[in-house]
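Listed below are the residues making up each chain.
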Protein chains: 4
Amino acid sequence: MVLNANSGIQLPPISETLRRTTPGAEMWLYKPISCLDDGHVMLVEYMGSDESIAQAARVSYGAGTKKVSEDQALINYLMRHRHTTPFEMCEMVFRVRVPMDAWRQWIRHRTASVNEYSTRYSVAIDSAQKTDPKQWRSQATDNKQGSGDYLSEELGTKLSEAEAQLQHAARDIYEERVNSGVAREQARKDLPLSTYTEAYWKIDLHNLFHFLGLRMDSHAQYEIRVYANAIAEVVKDAFPMAWQAFENYHLNATYLSGSEQEIVRIIGSFPVTAAKLEEEARKFFNNPPDKKMAREVEELIKKFHQLNFVAK
Amino acid sequence: MVLNANSGIQLPPISETLRRTTPGAEMWLYKPISCLDDGHVMLVEYMGSDESIAQAARVSYGAGTKKVSEDQALINYLMRHRHTTPFEMCEMVFRVRVPMDAWRQWIRHRTASVNEYSTRYSVAIDSAQKTDPKQWRSQATDNKQGSGDYLSEELGTKLSEAEAQLQHAARDIYEERVNSGVAREQARKDLPLSTYTEAYWKIDLHNLFHFLGLRMDSHAQYEIRVYANAIAEVVKDAFPMAWQAFENYHLNATYLSGSEQEIVRIIGSFPVTAAKLEEEARKFFNNPPDKKMAREVEELIKKFHQLNFVAK
Amino acid sequence: MVLNANSGIQLPPISETLRRTTPGAEMWLYKPISCLDDGHVMLVEYMGSDESIAQAARVSYGAGTKKVSEDQALINYLMRHRHTTPFEMCEMVFRVRVPMDAWRQWIRHRTASVNEYSTRYSVAIDSAQKTDPKQWRSQATDNKQGSGDYLSEELGTKLSEAEAQLQHAARDIYEERVNSGVAREQARKDLPLSTYTEAYWKIDLHNLFHFLGLRMDSHAQYEIRVYANAIAEVVKDAFPMAWQAFENYHLNATYLSGSEQEIVRIIGSFPVTAAKLEEEARKFFNNPPDKKMAREVEELIKKFHQLNFVAK
Amino acid sequence: MVLNANSGIQLPPISETLRRTTPGAEMWLYKPISCLDDGHVMLVEYMGSDESIAQAARVSYGAGTKKVSEDQALINYLMRHRHTTPFEMCEMVFRVRVPMDAWRQWIRHRTASVNEYSTRYSVAIDSAQKTDPKQWRSQATDNKQGSGDYLSEELGTKLSEAEAQLQHAARDIYEERVNSGVAREQARKDLPLSTYTEAYWKIDLHNLFHFLGLRMDSHAQYEIRVYANAIAEVVKDAFPMAWQAFENYHLNATYLSGSEQEIVRIIGSFPVTAAKLEEEARKFFNNPPDKKMAREVEELIKKFHQLNFVAK
């Protein structure tokens, strides 16, 4: 992630305000973070601070001003118990430049406000996401919707060449259409999904955490994960207490379902051997030992390994 | 509307920011506007400015910086053509103190974020909205859900006395319960709807305009209209261009339905006499001249009077 | 619009239900309506009826059962006065097949529920929207984001040939990638926006009317208008009273802004000559007679022509 | 919970439909479930079924029809991995009668559609929730917002008498106002929060599960929990597979935060003694052994007890 400190963007003048400010957010304003080969994320507005979250929560309690030192504990409590409305008091607006393919996933989050570059009104941005020969990913074998290891550079080189040709052909045809007088709204119809678009994206902190929880996850597609991670850098600095709570109680949290808790209780004592765990889990889920392991058994075993419930 | 400039509220320190500021919003921060006998509305945060709206719209057009002088025309265009997303880029947070009865209407707007004083957690606010003897309103005769003229002061005095007694009795019983050890969440069950509550209320400018359009309307209940009007004062100063567009293209706009346009075309020439208009309208809506005037005919005639389509 | 009555879709069994049914909706269930060259819209579920809307409104009035004959008047009243919540009681689920380009516009409506075909999980649908040589549209001259007349068939033939080549090349490269072991989520990155996708789309009737109001408009892009018109066919039959109210009070309605009403009052008598109208409008909007006509003046004149306020 | 099978409600006629039906939902249509002393919940409409959820998920996978026997496993998978959109395909509409105090909490769920009885338009419902002398609850000592044990019947008798007097006085004053000609919208201002209101409440299954997760929780107020439990009865029968998944992966699930997992790993072997657990937890959270136990330590210990991580 590269910081374009000197990106040629003209900073707005510094103003005085009675609003809450956060040093971490001020620091990131108008500083684009590069994403992928030609994209970025840039904070352009924000509202509120960790203190705003605490204060909104305290109106519920009818309490007066408290020491800032207690804000972290209060924010932890709110996050732990899913009291989400105080986090809605904070807002962030990002200017993003992103391939349409990733944007298709992004836009599915319905709680944000969006103003996107219009290719009906203007000529489409002349940039499409290119793939480095070393960065073609294989189809995951254990996950029908994910990626596995990188493919060989030799194969990647061929794939990247074909990619470049296709992108050029698509752009040429687009421009021929526009030059022939075809309406922009129709000319764009065969642009590749890799074409960059730009947008203002505004979301409150509660819904942003929901977005980050899904899109920073290792199962999220690499391309959107890059953007989620870039946004996370800004949030960490802008709302450090809320971030810490989010990380501990949401991002790094794990669930134990009712069934999994039952198995914990049945086994009674940890660590156990891997064989014993599998035996109990299969028994519980009616998954005979000679059959392929049921997905839920598999997930449980992975989770219990992570918890060191299994003897090494 | 009285401005409590010296309300004992301690102002936060002035900070420097790279964000957009609006002088009109800064002026209103932490200045409560009195509403009803013991309520208020107070701006505590905001985000964006008229310029933000124009800039968000321009990302759609892929256009660079334009002259501020063109912002009003652009904002008018957006409002006229119901391009609402740029208005979502601005946010306001108000601290409000309002009787629960009006709050019950207020909270029906689902697009806002709310943190309300909790009477499970804390003792209920010891204040209920009182009615001045001169301000008891009669049931409207032409509108099943509205108010008409004020009732006599003589009657009002009796009503206000009974009101005071009831409110005292309700508060005494509430406090007896709490003092007897009843849980606050149960003790509150018979508090009158006139009891004041407090909340932080956050909403974006597009949805705020929707709220104001409904709640500033002459058919809205007086109590909530007082709050809507107070909020409008702040919006006018904070986002003057957006307000001007809202006022002209929404608040003061009138619809002509397909039918009404048809009647305009049938009549062909204005002004007409009241009798002629009624005749044509009844004919169009199959409402015979000897029958009570249909609601829609009545509304049309009122609208056409306002447009001076009827000769005086 | 062609009805694929015999589309090979296996109808579910007929069941008995205590729920409200509407004959018009039942008629459309599982009957796809063809859209564009390879798309469709098909109703797969619905909830409620005109009667549900009336009944939901009546709970507000605390009233008992009324005659069905009064439902249309009540529904008209609700629509006329923007009482929108009763329309939220009805739901429809459509199965749609649509080019991603149109889908990008469609999905901006945030109040719907969506389950879309996943090209991470499955191989992308092998179909892209093709343009008939006679259906290439020119860029509109009076509207920066719209289309004008059709281009010549001669030019269109060339454009359609180039389109076919590009679509084939893009598909070939996609399949080469998949066959080379590239993850589907990455392989798809250069698919053209014309590629078809499929989805279940669920929306309540109030929000559907909002969608239709925008997407049936003559300024909406042709491709999405085709889908909006297809959906409208279903709604007309399924909720005939609500449709009638929508058509009259929303779709065919026109606004008169505060300014436009002022001009109506200033002029006082209609019809006027075109010259007189332009003179008054320019005066009102400070648009000198020797300058290019301001956009707002132009819109006003067009509207007043439609209302026959201008003598022919 | 009493089933008013014979509630005098006239059932609508049975119709034929091509839509999906669920026997469990059909069974509950128009059967009110009594709640509190004079409230109820009654299913009046629904859309979809367990099969609809599975089918909506399968469109994402581009897969054809699968065996119903696999639906439960698929629905479990969706719930486990928070793939929430397929659950949005199902809808339920309830008619509810509920005290305004509980309704104030209920209405905070912004994702539902609501049509409520209007006390501007109609005379307020003449019923207020009454408390049995044995059902006055004490303030919880360990939870600032909850209830503890019941108070003595002796004290309860006095409290119930005072409650009855207050409710009568409030109703008398309300009726005096109405009879004196006061507008209904103003007359209602001092009605007690215990006054019953009625509404149609529509929500999709995903958001309903969110509501139930919060309102069936033991920390929810008793009054709203009664309604949540009644609704749960209907959901269990109407969408049995979805309910089973919700119960296991949401309602009965427990989180382990990042910190709690760390402690699990530090301790390494379970069960431990209570003293050892407290020691490690205090160490981890910097909560010295001689200080009052920090809230988070307390919650962790309670959770670990439930998991039988502590030796009995």
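Parameters at a glance
Residues numbered from 1 in each chain as written. Chains lettered and ligands numbered in written order. Predicted model: local features only at pLDDT ≥ 70, side-chain atom pairs only at ≥ 80, totals over all residues. Contact = placed C-beta atoms within 7 Å. Helix = DSSP H or I, 4+ residues; strand = E, 2+ residues; numbered from the N terminus. Pairing = 2+ DSSP bridges. Axes fitted to C-alpha atoms, helices over the stretch in contact; angles between N-to-C directions. Least-squares fit on C-alpha atoms with pLDDT ≥ 70 in both. Buried ≥ 20, exposed ≤ 12 C-beta atoms within 10 Å, placed from the backbone. Domains from an automatic or database assignment.

In this assembly, 24 residues from chain A lie in contact with 24 residues from chain D. Mapped by element, the contributors of at least two residues to the side of chain A that touches chain D are α3 (71-80), α9 (240-251), β9 (254-256), α10 (258-267) and α12 (295-306) of chain A. With 5 residues, the single largest contributor to the side of chain A that touches chain D is α10 of chain A. Relative to strand β9 (residues 254-256) of chain D, β9 of chain A runs antiparallel, the two sharing 3 bridges. Paired with T254 of chain A across the bridge in β9 of chain D is L256 of chain D.

Each partner contributes to the interface: chain A provides 43 residues, whereas chain B provides 43 residues. Elements with a contribution of two residues or more to the side of chain A that touches chain B: β1 (15-17), β3 (39-47), α2 (50-61), β4 (91-99), β5 (113-116) and β8 (196-204) of chain A. It is α2 of chain A that provides the largest number of residues to the side of chain A that touches chain B, a total of 6 residues. When β1 of chain A meets strand β1 (residues 15-17) of chain B, the two strands line up antiparallel, connected through 3 bridges. Across the sheet, S15 of chain A pairs through a bridge with T17 of chain B, a residue of β1 of chain B.

This next bit is on the sheet that holds strand β2 (residues 33-35) of chain C. Residues and elements named next belong to chain C. Taken in spatial order, the 5 strands of this open sheet run β2-β3-β4-β8-β5, and their pairing is antiparallel. Each edge of the open sheet is held by one strand with a lone partner, namely β2 and β5 (113-116). On average, each strand axis in the sheet is tilted by 25° relative to the strand beside it, whichever way the strands run. The pairing of strand β4 (residues 91-99) with strand β8 (residues 196-204) spans 9 bridges and is antiparallel. Looking at the pairing, E91 lines up with D204 of β8.

It takes a turn of 180° to lay chain A on chain B, together with a shift of 0.0 Å along the axis; the resulting RMSD is 0.0 Å. The two molecules are tied by a two-fold rotation axis, judged by turn and shift. Rotation axis and chain A: the residue whose C-alpha lies nearest the axis is E16 of chain A, separated from it by 2.3 Å. A shared interface surface links the copies, since 100% of the contact residues of chain A are contact residues in chain B too.

Time to look at unusual backbone geometry. Going from F270 of chain A to P271 of chain A, the amide bond is cis rather than trans, its omega being -5°. Structurally, the position occupied by P271 of chain A is in the loop between α10 and α11 (274-284). Although it is not a glycine, R82 of chain B sits at a positive phi angle of roughly 55°. Of note, R82 of chain B is situated in the loop between α3 (71-80) and β4 (91-99). Residue class for R82 of chain B comes out exposed when judged on the 12 C-beta atoms lying within 10 Å of it.

Looking now at the domain arrangement of chain A. Residues and elements named next belong to chain A. What the domain assignment reports for chain A is domain 1 (23-124 + 194-251), domain 2 (133-190) and domain 3 (258-306). The C-alpha-based centres of domain 1 and domain 2 are spaced at 30 Å. Counting from both sides, the interface comprises 7 residues of domain 1 and, opposite them, 8 residues of domain 2.

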